[in-house]
Protein chains: 2
Amino acid sequence: MAQKPSIPKGTRDFSPAEVSKRTYIIQIIKKHFETYGFQPIETPSFENSETLMGKYGDEGDRLIFKILNSGDFISKVDDVTYSSKNSASLTQKISEKALRYDLTVPFARYVVMHQNEIDFPFKRYQIQPVWRADRPQKGRFREFYQCDADVVGADSLLQEVEFVQLYDAVFTDLGLKGCTIKINNRKILSGIAEVIGAKRLLVDFTVALDKLDKIGEEKVKVEMMEKGISEGAIAKAQPLFEMTGTASEQLEQLKTLLANSEVGMRGVYELEEIISTASTIGLQSAHLQLDVTLARGLNYYTGAIFEVAAPEGVSMGSIGGGGRYDDLTGIFGLPNVSGVGISFGLDRIYLVLEELNLFPDSLDTSLDVLCLNFGKGEGLASLKLVSTLRKAGLRADLYPSDAKVQKQFKYADKRNVPYVILLGEQELAEGKFVVKNMKTGDQKSYDLDAAPQFAEAVKFDF
Amino acid sequence: MAQKPSIPKGTRDFSPAEVSKRTYIIQIIKKHFETYGFQPIETPSFENSETLMGKYGDEGDRLIFKILNSGDFISKVDDVTYSSKNSASLTQKISEKALRYDLTVPFARYVVMHQNEIDFPFKRYQIQPVWRADRPQKGRFREFYQCDADVVGADSLLQEVEFVQLYDAVFTDLGLKGCTIKINNRKILSGIAEVIGAKRLLVDFTVALDKLDKIGEEKVKVEMMEKGISEGAIAKAQPLFEMTGTASEQLEQLKTLLANSEVGMRGVYELEEIISTASTIGLQSAHLQLDVTLARGLNYYTGAIFEVAAPEGVSMGSIGGGGRYDDLTGIFGLPNVSGVGISFGLDRIYLVLEELNLFPDSLDTSLDVLCLNFGKGEGLASLKLVSTLRKAGLRADLYPSDAKVQKQFKYADKRNVPYVILLGEQELAEGKFVVKNMKTGDQKSYDLDAAPQFAEAVKFDF
């Protein structure tokens, strides 16, 4: 009967210590989402398959987890489909629902379905798990949280500035100082492809350019040529490989390069506006950096593109990203609604904070006070005392049995409890309780009536 | 291309207002879980099918959502199974994972898998969604949250007392005063079945008895007879239909009835101990009520059984329930670990608070300050001001475009913003901003430098 239990690959159990740390990050992100005027929504874990399928490319479609129809699902499959024994066509007949793959498509669906209740511009945030049937590997899971903030119905560049500030506010508050917020604009990439005469090869061009940091100039050029971009075109793009200086210096170089591209110049203008406004207001600890090689989500973004890198010295992929998309809700029948949004990579932020030892020590404490249990008579008085401490807001517990004192102290140690209360026969007779400070070893005695004062003193101590 | 979007039946989108209210309830439950010493864990949304299947009875197995294997799943089905065209046997070949059905079985699996890292007694709470392919109806959904707290590895009755106090603390804090916490003990039900000579028909007996409130004494007796319980047995059980008085009076009646049943008398003793300890310490607003007809989860609980009813006058099923189970982890190979736990019914609590108008008004406000937008020059000063207010912790926003003032005020109204800031050309020239209190209509002018003081004043006002 007994099974040796396990969990599906790519999924995780989170222990109390891990949940505390994840909650700590989420609470800080949430706090700043709210001070920036974003409102929370939640959407169902599964959507109708047609809502999700076809929105993430063929690879995405394959990675979407499908839910089997309930009941006698096979009886509803026609004979022709069944005898074809083809997984793809059978899937359509036996599965109507699928787990969400990201938060953006469900958000677009939400906006369209609820457009008459929403007051635009609509600033929403959403922190929920998503699922992908990806091959699990280090730092990549089949179930993970996304933390997204988006604005729809506002095309002002002030939104982009706000997102730069929001990244800065969150990472500063997390103690993660010196992050780099990279920024680019899809229109600049379009402009470059236009002026070098490789408009049709825009995707190949940017995919190759995106690798400049990793594989270097020569190899990027080889890849471009392999994709059919002419030597002449690559030569015209040479300034990109030599961009140097501050953001404003780089913008000047781009103005020369893109002088003949209307879309390119619009991109330069947008970037200039965002960067200058952000730097006028000032950032707390992050650096804003123009990066013309940044091309994430190219098929999707139409304006600004963001990506956040952890402080130098931490080897970790991007810990956040986002951008502007001009027509996301169009697929659901509501065209011309501009949106812009960013996402925080919870799992990676967790790893970075762990590596830099930035989680507050207080997260290690899940219980403020443990009251030892000396048996029935004292137990009742102890339970009363613990009740009083809980009402005062302390996390307090009574050890559930009158086990040996040593065992109870060991439990207190393991739970990392700062204060242990002893209320034995003698203390009870004197109407007192003794508090042992587990760090210093000091003991102090209080009247039972003075429990609320003790609670205040403990709270003050934190 | 455009699809008219919808969501799967039995699932819900939650608007910002709904998320706020749900979060309010969850935060209060969480706070008390923590003051009572419970620690959070999280488990994956899907488990290996063998972890879940067979744990909830045949009906439960049918209601579990199964996830289709990825890739070319059909090619892995043998011909014999495929040609059988039988949904049940095919499911086993094309699905290995399933969405969790409750939080208790995954918790048992967690305890067994992590038994070497856990310090027992282990008090855990878990607040996560679960999924059931139930027929959707009013108040019953296919995706819903469970909020569970359980202790494993502690068999003291103090745990039961703590759960009574915990219910009282949460419902009192939610403003839901006058809830009834019904309590019974599985051992009493066993004892009754024993003394009336219907031991083998225990389940039928208790299922019928459970309906006493709804269908009355006569119909309960008819149902018992239909199930094969003899007239003589029912006559012996007559005292149950006539139980009156306080808990201690009822306990005395049970002592007479169960005098010859060892298990029954143990149940009486346990109940007596829990009720007397709880009433010595005292409850804040809930009533603790002995209810011998309470039989929920009979196949599962072995000791105390709890159920919470909303205050009188509110027609709603139970808003919480739980009990003690002696051997939950045995199914996963760890026998003899006693557990006891309770659950809060989030959706029903939500409906009750809504009905009684108990949600705080402050939840309606998602933005403290809206700064109107008067165009580019003023926009930058406004963004600076808004940044300062956000750093001071206010939820503040700048309207994203210089739309007509009327339109901007309308948006402020709809978002229910208490303060609107005007920073036009004239104010900017004077280094001031004007704050309009949207409730009173009063306007007040502040120096731009005094923004932090204004923020403090607003916070003080809440």
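Residues numbered from 1 in each chain as written. Chains lettered and ligands numbered in written order. Predicted model: local features only at pLDDT ≥ 70, side-chain atom pairs only at ≥ 80, totals over all residues. Heavy atoms only, no water.

Structural notes on the interface of chain B and chain A
With 106 residues of chain B at the interface, the matching set in chain A holds 106 residues. The junction of chain B with chain A conceals about 9100 Å² of combined surface from both sides, 58% of it contributed by carbon and sulfur atoms. For the pair chain B and chain A, the number of links is 12 salt bridges. Close ionic contact of A:R109 with B:D13 constitutes a salt bridge, the shortest N to O distance being 2.6 Å. Here chain B and chain A share 44 residue pairs in polar contact (both at pLDDT 80 or more) between them. Considering each element in turn, the side of chain B that touches chain A owes the most residues, 7 residues, to helix α16 (residues 376-391) of chain B. (Contact = heavy atoms within 4.5 Å. Buried area = accessible area lost by both parts, 1.4 Å probe. Salt bridge = Lys/Arg side-chain N within 4 Å of Asp/Glu carboxyl O. Polar contact = N/O pair within 3.5 Å; in protein donor to acceptor, adjacent residues only side chain to side chain. Helix = DSSP H or I, 4+ residues; strand = E, 2+ residues; numbered from the N terminus.)

Comments concerning the sheet that holds strand β11 (residues 339-344) of chain A
Residues and elements named next belong to chain A. One open sheet holds the 8 strands; their spatial order is β1-β5-β6-β11-β10-β9-β7-β8, and the pairing between them is mixed. Lying at the two open borders of the sheet, with one neighbouring strand each, are β1 (39-40) and β8 (287-290). Its contacts with the sheet place helix α1 (residues 16-35) against β5 (122-131), β6 (143-152) and β11, and it is angled at close to 160 degrees to β5. On top of the sheet, helix α14 (residues 262-281) reaches β7 (180-185), β8 and β9 (304-309); it is set at about 155 degrees to β7, its chief contact. (Pairing = 2+ DSSP bridges. Axes fitted to C-alpha atoms, helices over the stretch in contact; angles between N-to-C directions.)

Section: the pairing of strand β4 (residues 95-99) of chain B
Sheet faces and side chains relate simply in a regular strand, where the side chains alternate between the two faces. All names here are of chain B. Where burial is concerned, most of β4 is hidden: 4 out of the 5 residues are buried. Bridge count between strand β3 (residues 66-68) and β4: 3 bridges; the pairing is antiparallel. Bridge pairing in β4 places I67 opposite K97. (Buried < 20%, exposed > 50% of the residue type's maximum accessible area, 1.4 Å probe, protein only.)

A word on the side chain of A:T172
Residues and elements named next belong to chain A. Inspection of the secondary structure puts T172 in helix α7 (residues 158-173). A relative accessible area of 15% means that T172 is categorised as buried. When near neighbours in sequence (up to four residues on either side) are disregarded, T172 contacts K177, Q284 and S285.

Describing the domain arrangement of chain A
Taken as a whole, chain A is organised into domain 1 (18-40 + 108-124 + 133-356) and domain 2 (369-461). In this structure, domain 1 of chain A and domain 2 of chain A have C-alpha centres spaced 53 Å apart. (Domains from an automatic or database assignment.)

What about the side chain of A:K21?
Inspection of the secondary structure assignment puts A:K21 in helix α1. Discounting residues that sit within four places of it in the chain, A:K21 has contacts with A:Y350, A:E354, A:F359 and A:L363.

Observations regarding the relation of the copies chain B and chain A
Once turned by 180 degrees and shifted 0.0 Å along the axis, chain B lies on chain A with an RMSD of 0.1 Å. Within this description, the copies of the chain are treated as partners about a two-fold rotation axis. When each C-alpha of chain B is compared by its distance to the rotation axis, B:I67 comes out closest, at 2.2 Å. Take the interface residues of chain B: 100% of them recur as interface residues in chain A, which is what a same-surface contact looks like. (Least-squares fit on C-alpha atoms with pLDDT ≥ 70 in both.)

A closer look at the UniProt feature "binding site: L-histidine" (unreviewed entry) in chain A
Residue and element names in this part refer to chain A. Per the UniProt annotation, the sites labelled "binding site: L-histidine" (unreviewed entry) are D102, L103, T104, R132, Q146, D150, R296, Y300 and Y301. Checked against the element boundaries, R132 lands in the loop between β5 and β6. In this structure R132 comes out as buried when scored by relative accessible area, which is 18%. Not counting residues within four places of it along the chain, the set of residues in contact with R132 comprises L63, F65, Y101, D102, F141, R142, F144 and Q146. Here Y101 takes part through its backbone oxygen, which lies 3.0 Å from a polar atom of the side chain of R132. With respect to the element layout, Y300 can be found in the loop between β8 and β9. (UniProt positions renumbered as here; feature names shortened; annotations may be inferred.)

Observations concerning the pattern of salt bridges
Considering all chains together, one arrives at 52 salt bridges over all chains under this definition. Among the ionic contacts, a cluster of salt bridges with common partners joins A:K123, A:E162, B:R390 and B:D397.

Structural notes on the packing of aromatic side chains
The relation between two aromatic rings is expressed through the spacing of the ring centres and the mutual angle of the planes. In the structure shown here, the tally under the stated rule is 37 aromatic pairs over all chains. Residues A:Y82 and B:Y82 carry aromatic rings whose centres are separated by 4.2 Å and whose planes lie at 5 degrees to one another, so their mutual orientation is stacked. Residue A:Y82 is located in helix α4 (residues 79-84), and its partner B:Y82 is located in helix α4 (residues 79-84); the two belong to separate chains. Overall, the relative accessible area of 8% leaves B:Y82 in the buried class. Ring geometry for A:Y110 versus A:F122: centroids 6.4 Å apart, planes at 15 degrees, classification stacked. Taken together, the residues A:Y110 in helix α6 (residues 104-113) and A:F122 in strand β5 connect sequence positions 12 residues apart. The class of A:F122 is buried, set by a relative accessible area of 5%. Ring pairs connect the aromatic residues A:F33, A:F38, A:Y125, A:F163, A:Y167, A:F171 and A:F344, which therefore count as one cluster. Sitting above the plane of the A:F38 ring, A:K123 keeps its charged end 4.8 Å from the centroid. (Phe/Tyr/Trp six-rings, centres within 6.5 Å; stacked < 30°, edge-to-face > 60°. Lys NZ or Arg CZ within 6 Å of the ring centre and 35° of its normal.)

Examining helix α9 (residues 202-209) of chain A
Residues and elements named next belong to chain A. Of the residues making up α9, those classed as buried are L202, F205, T206, A208 and L209. The buried residues of α9 occupy an angular sector of 160 degrees when the element is viewed end-on, so they sit on one face. The secondary structure elements touched by the buried residues of α9 are α8 (186-195), α10 (212-226) and α12 (238-241). (Arc of directions from axis to C-beta.)

Things to note about helix α15 (residues 346-355) of chain B
Note that an α-helix has 3.6 residues per turn; residues three or four places apart therefore point the same way. All names here are of chain B. Taken residue by residue, α15 has L346, D347, I349, Y350, V352 and L353 as its buried positions. The inward-facing, buried residues of α15 contact α1 (16-35), β6 (143-152), α7 (158-173) and β11 (339-344). Positioned one or two residues after α15, N357 has a phi angle of 60 degrees, which is positive.

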